[in-house]
Amino acid sequence: MVQFHAYPGGKKRVVTFSYDDGSANDERLIELFNKYGVKSTFHLNGINYINISDEEAQRLRNLYAGHEVACHTLRHGWPARCPQQTVVLETLEDRKILEKIFGYPIIGMSYPSGSYDEDAIKAMEACGIVYSRTVHSTRGFGTPKRFMEWHPTCHHIGIFEVCDSFLNNLDSIWHSPMFYIWGHSHELRTEDDWAFMEKAVAKLAGNDKIWYATNIEIYNYMMAQSMLQISADETVFYNPSSIDVWVEKNKTDMIKIPAGQTVILK
């Protein structure tokens, strides 16, 4: 029996963060994340970065290096209240501005104000968006059933209410694998807020059983897993993707299938 609940290095748990709006507090938050070796996705509105100087663009690249920049629409409207043509415009223009600055395809999203509907999803998918985070906190640790409705575990304010449940069950075969925390850095207004955030990050960080990843890294990894070609008797594995993947066999063995290679089990 092959199961996909295995992540890079054969780890079985994942922690990811995402933050919206791109406030000045992102700089301090990134310093905190970098200090503890965790990763985040930052969802930005392109309207704030039109016609910036080359120096400012370089500063932004340096600031967000090691993390992911993703879309949040051009002007932070409410996609569920917009015609599809507006959603297309808001999405494509956001992508173009951010991609010009950061130099890589930006294909992630979080819904501004949590607003979306099926028409908005279709419009964003037509613009090349492959995942989008909602604001519906599940307080659980499941992987997304649909990447365009990626529900997080909790807002960072509620992190300690569920953190122990996650950490105390790292080895449980019955526990779901992903802890997803979201928020806005501008909500961190006082030194007490920052102390709270550092305590939370420190508690989750530095665990060799956890993969710390951005949203797009999780999406890409799970897509690569789903592309595996496996023989009927589950002894031959071909990985056509460019990403090394792991699977669990018979609830005991972790198998690594390197990118572009075939693994044959004896």
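Scroll up to find the structure this text is about.
Residues numbered from 1 in each chain as written. Predicted model: local features only at pLDDT ≥ 70, side-chain atom pairs only at ≥ 80, totals over all residues. Heavy atoms only, no water.

1. With respect to the sheet that holds strand E13 (residues 253-257)
Sheets are built from strands that pair by backbone hydrogen bonding, the pairs being arranged parallel or antiparallel. How we decide: In short, DSSP must find at least two bridges between two strands for them to pair. Here a helix means four or more residues in a row that DSSP labels H or I, a strand means two or more in a row labelled E, and each is numbered from the N terminus.
Judged by pairing direction, the sheet is antiparallel, and its three strands sit side by side in the order E1-E12-E13 without closing on themselves. Of all the strands in the sheet, just strand E1 (2-3) and E13 have a single pairing partner and so form its edges. Pairing geometry for strand E12 (residues 245-249) and E13, over five bridges, is antiparallel. Directly across from Trp-246, in E13, lies its bridge partner Lys-256.

2. Re helix H4 (residues 118-126)
The test is simple: A simple rule labels every residue: compare its accessible area, found with a 1.4 Å probe on the protein chains alone, to the largest value its type can have, and call it buried under 20%, exposed over 50%, or partly exposed in between. The arc in question is traced by the directions running from the helix axis to the C-beta atoms. Residues count as neighbours in contact if any of their non-hydrogen atoms are within 4.5 Å of one another.
Every buried residue of H4 is listed here: Ala-120, Ile-121, Ala-123 and Met-124. Mapping the buried residues of H4 onto a view down its axis gives an arc of 165 degrees, with all of them on the same face. Of the exposed residues in H4, those oriented more than 90 degrees away from the buried face are Lys-122 and Ala-126. Contact partners of the buried residues in H4: helix H3 (84-102) and strand E5 (108-110).

3. Focus: the nonpolar core
For the record, the criterion: As used here, the term nonpolar core means buried Ala, Val, Leu, Ile, Met, Phe, Trp, Tyr and Cys residues forming a set that is joined through side-chain atoms within 4.5 Å.
Phe-17, Phe-179 and Leu-204 are the most contacted members of the largest nonpolar core, which totals 50 residues. Within the second largest apolar cluster, 27 residues are counted, among which are Ala-6, Trp-150, Ala-213 and Ile-216.

4. Focus on helix H2 (residues 54-64)
Among the residues of H2, Ala-57, Leu-60, Leu-63 and Tyr-64 are the ones counted as buried. Take H2 and look down its axis: the buried residues cluster within an arc of 125 degrees, on one side only. Facing away from the buried surface of H2 by more than 90 degrees, the exposed residues are Asp-54, Glu-55 and Asn-62. Buried residues along H2 sit against helix H1 (26-36), strand E3 (40-44), strand E4 (68-71) and H3.

5. A few points about the pattern of salt bridges
The condition that has to hold: A pair is scored as a salt bridge if a Lys or Arg side-chain nitrogen falls within 4 Å of a carboxyl oxygen belonging to Asp or Glu.
In the structure shown here, the tally under the stated rule is 15 salt bridges. In this structure, the salt-bridge partner of Glu-198 is Lys-35, at a minimum N-O distance of 2.7 Å. Here Glu-198 is found in helix H6 (residues 191-204), whereas its partner Lys-35 is found in helix H1, with 163 residues between them in sequence. Between Lys-203 and Asp-164 there is a salt bridge whose closest N-O contact spans 2.6 Å. Remark: Asp-164 occurs in helix H5 (residues 159-167) and Lys-203 occurs in helix H6; sequence separation between them is 39 residues. Members of the salt-bridge network, linked through shared partners, are Glu-118, Arg-146 and Glu-149.

6. A word on the side chain of Arg-13
We count it as follows: Asp and Glu count as negative and Lys and Arg as positive, but His and the ends of the chain are not part of the count. Whenever two N or O atoms come within 3.5 Å, that pair is a polar contact, provided that in protein one can donate a hydrogen and the other can accept it, and provided that, for residues adjacent in sequence, both atoms are side-chain atoms.
Looking at where Arg-13 falls in the secondary structure, it is placed in strand E2 (residues 13-20). For the buried Arg-13, no salt bridge exists, and the shortest N-O distance to an oppositely charged side chain is 7.0 Å, to Asp-171. Polar side-chain contacts of Arg-13 include one of 2.8 Å to the backbone oxygen of Ser-172. Discounting chain neighbours no more than four positions away, the residues touching Arg-13 are Tyr-7, Phe-166, Asn-169, Leu-170, Asp-171, Ser-172, His-175, Ser-176, Pro-177, Lys-209, Ile-210 and Trp-211.

7. Regarding the environment of Gly-66
With respect to the element layout, Gly-66 can be found in the loop between H2 and E4. Once the C-alpha coordinates of Gly-66 and Asp-117 are considered, the two residues, 51 residues apart in sequence, prove to be 32 Å apart. Contacts of Gly-66, omitting those with residues within four sequence positions, involve Lys-39 and Thr-214.

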